[in-house]
Structures are given as C-alpha cells and as structure tokens.
Amino acid sequence: MYRTSRSWRSFSTVTYSLSSIRTLLEQRSNPFLYFNYNRQLVQSPYCQAPGLRSFAMDAKPAPMPKLLYGTAWKKDATADLVFLALKSGFRGIDTAAQPRHYKEALVGAAVKLAISSGIVKRGDLFIQTKFTSVDGQDPDDMPYDPNTPLEEQVHTSVASSLRNFRVADSEAPYIDSFVLHSPLRTLSDTVKVWKALETYVPHKIRQLGISNTPLQVVDYLCTSPDITVRPACVQNRFYPATRWEVDLRAYCREKGIAFQTFWTLSGNPRLLKSTPVQKLAASTNIDLPVALYALVLGLGGTTVLDGTTSEAHMKADLEGIELVTEYAQSEQGQSIWSECLEDFKNLIGEKE
C-alpha cells in the first residue's frame, strides 16, 4: 500500500499525472476478488463519527450510526436477516447494486416491511448503497447495460436502487449515502462516475462516499475544483496488509469524513488475542470480539460494519458496547479504558 506522511499534499494534476494515478490503482489488488464483510461487529455510543458532510442544501441524511448492518453474502436470507437486524435495533444498513454479492431488492423489501410494521420510521434509518463498476459485476447479472456510456450506467443503477428503496407510494424514495464501490481503472473515469452521482445530491441522494480506495483518490475528491460534492465517508478494510489505514483514517478525521471499517474481525486474528483486547474484555466481562470493536471505535471517526447472521449476536453486540461505554465513563473504568486504548493504538502504529 502507498502511504504518505501526515503533511498532506494536495492531489493535484501538477503533482500527480493521470498515468501515475492509474499505476497506483493497478498496484492495489482488485478489491472485488476479496470483497467481504465481517461478522459480529458492534456500535459504540461513546465514539460518534465526526460531523458528516452531506453538502446538501435543504436535505440531510439521517445521522450515520456507529454500526451499519452489512448485507453482503446473505443471498436469499437477506430479507429475513435485515428485518431481524432492524428489529434488534440496527438503524444503519449497508448494501450495493451488485447482484454478485448483494440482494439489494431484498434489503429494500425488509426495510419496507419494518416500516409498515411500525418497527422504525424511514427518517430514522441510514440507508447506504453503492454503484459498482463493470469490473466488480457478474457479467451475467448487472443492474445496467455494460455497453452503455459510464454516465448512463450510473443513472440506470441509481434508478434501480431508488426503486428498491421506495417504501411508500406517496413518498419519493431517497438514499442517505451513495458510495462508489471502488475507483475505476483511470482517474478520469472515476471522476466521470462521481460527477454523474453528484447530479442526484441533495434530493435523491443525501451524500456521497467511496470504498476500496487509496488516500490519493480521496484527497483528489476533497481538493479538486472539478468536484462539487465532497466525500462524506470512506469504506475500507481495517487489517494489517493496509497497516490499518493509519494515514487514510487520520486524513479522514482531519477532513471530517467518516471512516467505515470492514474485515475488522476476520482480518485481525492477532489483534483479537492482543493484551489490550483481552484486558478490556476481562475487565468488562464481554467477549473478545466486542472488546476489539470497542477499541476500533475508540480510535475516533470510525463506523463499523456488522454482518452477523445471529440474532443473539446482534443484541449482544449492542448490549456489550453499551456496557463498555458505561465502564469507560465510570471512576473505576476510566483509567483501564484509557490504558487499553493507548496500548491498542501503539499496536497498530496510530499517530496522534
């Protein structure tokens, strides 16, 4: 992974050429070959992501929860699991218009059922979906015609997502957060897709984000005069191979961008057994995964994806983090929490 220093340099065409950006993107492994979501993630009331920038004039997204329910790989069980997650207390849903790994229509059906059942109101939900380029799609099952221009692919995909999340005939559908699933092969194509997505903000799409991305692309989207709607969130893996995205997360905190983590559990078997995780778990009588998620959230500016299929885990995650919250604020727990968090930061090379 390409890393930068903390003194951020503007990602301008003077410093970086289109060919250099293309080379950078090609050096990163194809994210769609390994794209997956973790199980048993948690939310943390004490670590709210910083103010998220929707750049909307009169329409804002629902607050981004600290926990998003990940819907990848759920297949035909998607609707039942999403409904169960909403019933258990989840208020954020992450999906994608990528039939290879997601069933977006079933996610929409579950949301509609939960609303009609009185479990939740649409205004209380943070719904996030994605535009996935041809490289990440099943060639036999795409939400758009791959032979059409990029802009038309975007418009067709967005229209499909809006149909899937029409919860009532009397209400115009909207998406709280629309994420570009990965930068395209060239910077120019990436910008072309981003500009097409911008046309929907703020009314049909409240905010934009990007996933599986290097810092340089995020910086371009944040600083280029060609970009009107700045990214409100970045969703990347949190694991050793990317050095836990220390530099990118620091940049996101500086810019007020929420960083959404995935592979938080499955990608970190050593962290799961580390001293600060074990100490926090023992001190609060919670499971190791909950302690790990609590510490990741304690880094600041983070949101995590939870793809558990267990109702017991859905509830235990929320309850466990509430317990950690109370413990961290208690006279007895403040020092232990601070010590565990500091040790955890040292383990992943976090920069203050």
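Residues numbered from 1 in each chain as written. Predicted model: local features only at pLDDT ≥ 70, side-chain atom pairs only at ≥ 80, totals over all residues. Heavy atoms only, no water.

Here the focus is unusual backbone geometry. Residue Pro202 follows Val201 across a cis peptide bond; omega there is 15°. Tracing the backbone shows Pro202 in the loop between helix 6 (187–198) and strand 5 (205–211). Even without glycine at this site, Arg243 takes up a positive phi of about 55°. Within the secondary structure, Arg243 is located in the loop between strand 6 (233–237) and helix 8 (246–255). (Helix = DSSP H or I, 4+ residues; strand = E, 2+ residues; numbered from the N terminus.)

So, about the nonpolar core. Counting residues in hydrophobic clusters, the biggest one holds 86 residues, and the most contacted among them are Ile205 and Phe344. Residue contributions to this core peak at eight residues, all from helix 11 (residues 288–297). One finds Ala62, Met64, Phe126 and Leu305 within the second-largest nonpolar core, a separate group that totals 11 residues. (Core = buried A, V, L, I, M, F, W, Y, C linked by side-chain atoms within 4.5 Å. Buried < 20%, exposed > 50% of the residue type's maximum accessible area, 1.4 Å probe, protein only.)

On to the sheet that holds strand 4 (residues 175–180), then. Sheet strands pair by backbone hydrogen bonding; their relative direction is either parallel or antiparallel. The sheet built from eight strands closes into a barrel, its strands ordered 1-2-3-4-5-6-7-8 with parallel pairing. On average, each strand axis in the sheet is tilted by 30° relative to the strand beside it, whichever way the strands run. Here strand 3 (residues 126–131) pairs with strand 4 via four bridges, running parallel. Bridging from a neighbouring strand, Gln128 pairs with Ser177 of strand 4. (Pairing = 2+ DSSP bridges. Axes fitted to C-alpha atoms, helices over the stretch in contact; angles between N-to-C directions.)

Turning to the packing of helix 10 (residues 275–284) against helix 13 (residues 334–348), a few remarks are in order. At a minimum axis separation of 9 Å, helix 10 and helix 13 run at an interaxial angle of 160°. With respect to helix 13, the element helix 10 is oriented roughly antiparallel. As for the relative orientation of helix 10 and helix 13, their crossing is left-handed in sense. Here Pro276, Val277, Lys279, Leu280 and Ser283 of helix 10 come into contact with helix 13, specifically with Ile336, Trp337, Glu339, Cys340, Asp343, Phe344 and Leu347. Of the residues in the contact of helix 10 with helix 13, the class split is eight nonpolar, one polar and three charged. (Parallel < 35°, antiparallel > 145°, perpendicular 65-115°, else oblique. Left-handed = near helix turned anticlockwise from the far one by under 90°. Contact = heavy atoms within 4.5 Å. Nonpolar A, V, L, I, M, F, W, Y, C, P; charged D, E, K, R; others polar.)

Where helix 10 meets helix 11, the axes come as close as 8 Å, and the angle between the chain directions of the two elements is 115°. The angle between helix 10 and helix 11 places the two elements in the roughly perpendicular class. Considering only the axes of helix 10 and helix 11, their crossing is right-handed. Seen from helix 10, the contacting residues are Pro276, Val277, Gln278, Leu280 and Ala281; seen from helix 11, they are Leu288, Ala291, Leu292, Ala294 and Leu295.

The next subject is the pattern of salt bridges. Inspection of the entire model under this criterion finds nine salt bridges. Residue Arg122 is joined to Asp176 by a salt bridge in which the shortest nitrogen-to-oxygen separation is 2.9 Å. Note that Arg122 is positioned in the loop between helix 4 (104–116) and strand 3 and Asp176 in strand 4, a separation of 54 residues in sequence. You'll find Arg122 and Asp176 in the same group, each marked buried. For the salt bridge of Asp247 with Lys351, the shortest nitrogen-to-oxygen distance reads 3.1 Å. (Salt bridge = Lys/Arg side-chain N within 4 Å of Asp/Glu carboxyl O.)

Turning our eyes to something else, we now look at the side chain of Gln260. Here Gln260 shows up in strand 7 (residues 258–262). With relative accessibility at 0%, the residue Gln260 sits in the buried group. A polar atom in the side chain of Gln260 sits 2.9 Å from the side chain of Gln128. (Polar contact = N/O pair within 3.5 Å; in protein donor to acceptor, adjacent residues only side chain to side chain.)

Put simply, side chains in a regular strand alternate between the two faces of the sheet. By the criterion of burial, strand 8 (residues 302–306) is predominantly enclosed, with five of the five residues buried. Burial along strand 8 is two-sided: Thr302, Val304 and Asp306 facing one way and Thr303 and Leu305 facing the other are all buried. Here strand 1 (residues 67–70) runs beside strand 8; their pairing, made up of three bridges, is parallel. Bridge pairing in strand 8 places Leu68 opposite Leu305. In the sheet, strand 7 pairs with strand 8 via three bridges, with the strands oriented parallel. The residue bridging Gln260 from the neighbouring strand is Thr303, located in strand 8.

Before going further, it helps to spend a moment on the packing of aromatic side chains. With the rule as written, the count across this model stands at four aromatic pairs. Both rings, one in Tyr239 and one in Trp263, keep their centres 5.0 Å apart while their planes meet at 85°; by these two values the pair is edge-to-face. Placement of Tyr239 in the loop between strand 6 and helix 8 and of Trp263 in the loop between strand 7 and helix 9 (269–272) is noted, with a sequence separation of 24 residues between them. What makes Tyr239 buried here is its relative accessible area of 17%. Classification of Trp263 as buried rests on a relative accessible area of 15%. When the centroid spacing of 6.5 Å and the interplanar angle of 80° are considered together, the rings of Phe262 and Trp263 count as edge-to-face. Per residue, the accessibility class of Phe262 equals that of Trp263, and both read buried. Cluster of aromatic residues (ring-pair linked, three or more members): Tyr239, Phe262 and Trp263. The ring of Trp263 is capped by Arg237, whose NZ or CZ atom sits 4.6 Å from the centre of that ring. (Phe/Tyr/Trp six-rings, centres within 6.5 Å; stacked < 30°, edge-to-face > 60°. Lys NZ or Arg CZ within 6 Å of the ring centre and 35° of its normal.)

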